Amino acid sequence: WLFTLIPLVPLYGVCPAWYAFVFLVIDKSDEFQLIQYILSFKGMAFISQGVLRAVIGFGAFLVCVTGRADDREHDCDERGPGSHGSIWPTTIGF
């Protein structure tokens, strides 16, 4: 079950890199292994890139919005979740 936890790491490229390794290891002439690979890859991508990132982003947003009460120190528009970073790693990794 340890091998099913590796793709859940919410860092760019961990899930695709793990499944690229799995693709190299499986027997491509076995239809069951190919179907199992596709289903597990898409399922884990939905969980790690979709659900897990949404929960992390929601938590970061709540911490940012409720953290400071002073308007001069409130900087969620500049330092909040989704305000920095590049969209290209997500686009290429997807």
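Overview of the structure. (Residues numbered from 1 in each chain as written. Predicted model: local features only at pLDDT ≥ 70, side-chain atom pairs only at ≥ 80, totals over all residues. Heavy atoms only, no water.)

### Some points on the overall build of the chain
And step 1. Each helix and strand in the chain was counted, giving 5 helices and 0 strands.
And step 2. For the chain, the N- to C-terminal ordering of α and β elements is α-α-α-α-α.
And step 3. The 94 residues of the chain split such that 14% are buried.
And step 4. Across the chain, every contact between residues at least 6 apart in sequence was considered, and the portion connecting residues at least 24 apart equals 45%.
And step 5. If you sum the accessible surface of the chain, you get close to 7400 Å²; carbon and sulfur atoms cover 70% of it. (Helix = DSSP H or I, 4+ residues; strand = E, 2+ residues; numbered from the N terminus. Buried < 20%, exposed > 50% of the residue type's maximum accessible area, 1.4 Å probe, protein only. Contact = heavy atoms within 4.5 Å. Areas by Shrake-Rupley, 256 points an atom, 1.4 Å probe, with all protein chains shown as cover.)

### What about the nonpolar core?
And step 1. Among the nonpolar cores identified, the biggest contains 6 residues, and these are Cys15, Trp18, Tyr19, Ile26, Tyr37 and Met44.
And step 2. Of all the secondary-structure elements, those providing two or more residues to this core are helix H2 (14-25) and helix H3 (31-67).
And step 3. Sorting elements by how many residues they give to this core places H2 first, with 3 residues.
And step 4. Non-local contacts of Met44, meaning those with residues more than four positions away in its chain, are made with Thr4, Pro7, Leu8, Cys15, Tyr19 and Gln49. (Core = buried A, V, L, I, M, F, W, Y, C linked by side-chain atoms within 4.5 Å.)

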